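# Residue-level structural notes
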Amino acid sequence: MEFTAHQLATLLGGEVVGDMDVIVNNVSKIEKGIPGTLTFLANPKYNAYIYETKASIVLVNRSFQSEKVIVPTLIRVDDAYASMAQLLELYVKSKPVKTGIEIPSFIASSAQVGNDTYVGAFSYLGENVKIGNNVQIHPQCWIGYNSVIEDNTVLFAGVKIYPETKIGANCILHSGVVIGSDGFGFAPQEDGTYSKIQQIGNVVIEDNVEIGANTTVDCATMGSTILHKGVKLDNLVQIGHNVEVGDNTVMAAFAGVSGSTSIGKNCVLAGQAGVVGHIRLGDKVTIGPKAGVSKNVPDGKTLMGEWGVDYSKYMRVQAVFRNLPEISNDVKLLKKEVNKLKAE
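This report concerns the structure included in the present document. All of these numbers come straight from a predicted model, not from anything done at the bench.

## Looking at the sheet that holds strand S6 (residues 57-61)
If you walk across this open sheet you meet the five strands as S2-S7-S6-S5-S4, and the pairing is mixed. Since the sheet does not close on itself, it has two edges, and those belong to strand S2 (15-17) and strand S4 (26-27), each with one partner. Here three bridges tie S2 to strand S7 (residues 73-77), and the two strands are oriented antiparallel to one another. What sits directly across from valine 17, in S7, is leucine 74. Packing against the sheet, helix H1 (residues 5-12) makes contact with S2, strand S5 (37-41), S6 and S7, and its axis sits at approximately 5° to S7.

Written out as structure tokens, the structure is:
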């Protein structure tokens, strides 16, 4: 599809600076822009590329101030990043959507499949499964008995949904996701072995949740593991049994949450962050990369470092750490002076 700068600006509520009739038919990264493509500039770290890019149109924030001549046409918008996301979403929605049931696939006689739904080849829908309208179930998905998937949700190839799972509307589960596998529950025995604690709960995923490839969400021992609306999980995230994750919380790759922990709304867990079990993180909490959290965290706190210390304290620690060689030399010199004084 082709668009002029004028058409894009009208769609985004933006202002054109340059040729209003220039046409683009694709997108590109600003540092690798080519003629006929649209790109964007949102991060100041990339400012230098706007003077070099060969892209035909660049989305920029209204606050952007150029330092020299810019060749591409600019479209000034309130938020270049959000505007680019809006255009990419429109592009995806414009692509044809599959419907129908491919053969071979298995759908139990008691299963219910909604209108305009796609079931890919080699997929399995168990007894009493309920699938809403406009759902996309790509090849080799497995959906266990009594599971429910609401309207407009997408399961990419190879997703596994254990029995009794409830998934809301407008969710996206990427390839390799496993929902409802057993929680890690074992009781130590006197002889040193472990006895399995049966996990008889389920997983509940509310609307507008996205889960990255090869992420696992364990079922509850009893009750439900819950991902509330708007949660976004990256690839390779582990959610333990009976965990509850609040609205619009996001977790980056390799983050892990142990069983029975509650995480509040609008939290951020960076890559490789780890949270122990049976604690609570309040709302708007941020956990830095590789940080370990071992106790309750109040609302609005930011923790950093392997021991999960308060952000301000962590920065002071880092300041000292950077100067450790000099501090060590000073201590050695002071020790020598003290020894001299003692000798006198």
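## Re H1
When we look at burial in H1, the residues that qualify are Ala5, Leu8, Ala9 and Leu12. The buried residues of H1 occupy an angular sector of 100° when projected down its axis, which confines them to one face. Just downstream of H1, glycine 13 is the residue with a positive phi angle, here 70°.

## Topic: the nonpolar core
Counting 48 residues, the largest nonpolar core has Met251, Leu269 and Leu281 as its most contacted members. Those residues in contact with leucine 269 that lie beyond four places of it in its chain are Val250, Met251, Ala252, Ala255, Val257, Ile263, Val275, Leu281 and Ile287. Listed in part, the 15 residues of the second largest apolar core include Leu8, Val16, Ile57 and Leu87.

## Here we look at the pairing of S7
Counting buried positions over the five residues of S7 gives five, a clear majority of the element. Burial along S7 is two-sided: the face carrying Thr73, Ile75 and Val77 and the face carrying Leu74 and Arg76 are both buried. Inspection of the sheet shows S6 paired to S7 by five bridges, in the parallel sense. Following the sheet pairing, isoleucine 57 is matched in S7 by threonine 73.

## Here we look at the packing of aromatic side chains
A complete count under the given rule lists six aromatic pairs for this structure. Relative to tyrosine 124, the ring of phenylalanine 106 has its centre 5.1 Å away and its plane inclined at 20°; by these criteria the two rings are stacked. Taken as a pair, phenylalanine 106 in strand S9 (residues 106-107) and tyrosine 124 in strand S12 (residues 124-125) lie far apart in primary sequence, 18 residues in all. These aromatic residues form a ring-pair network of at least three members: Phe106, Tyr124, Trp142 and Tyr162. The ring of tyrosine 51 carries lysine 68 above its face, with NZ or CZ at 5.2 Å from the centroid.

Each value, and the rule that gives it
Residues numbered from 1 in each chain as written. Predicted model: local features only at pLDDT ≥ 70, side-chain atom pairs only at ≥ 80, totals over all residues. Heavy atoms only, no water. Pairing = 2+ DSSP bridges. Helix = DSSP H or I, 4+ residues; strand = E, 2+ residues; numbered from the N terminus. Contact = heavy atoms within 4.5 Å. Axes fitted to C-alpha atoms, helices over the stretch in contact; angles between N-to-C directions. Buried < 20%, exposed > 50% of the residue type's maximum accessible area, 1.4 Å probe, protein only. Arc of directions from axis to C-beta. Core = buried A, V, L, I, M, F, W, Y, C linked by side-chain atoms within 4.5 Å. Phe/Tyr/Trp six-rings, centres within 6.5 Å; stacked < 30°, edge-to-face > 60°. Lys NZ or Arg CZ within 6 Å of the ring centre and 35° of its normal.

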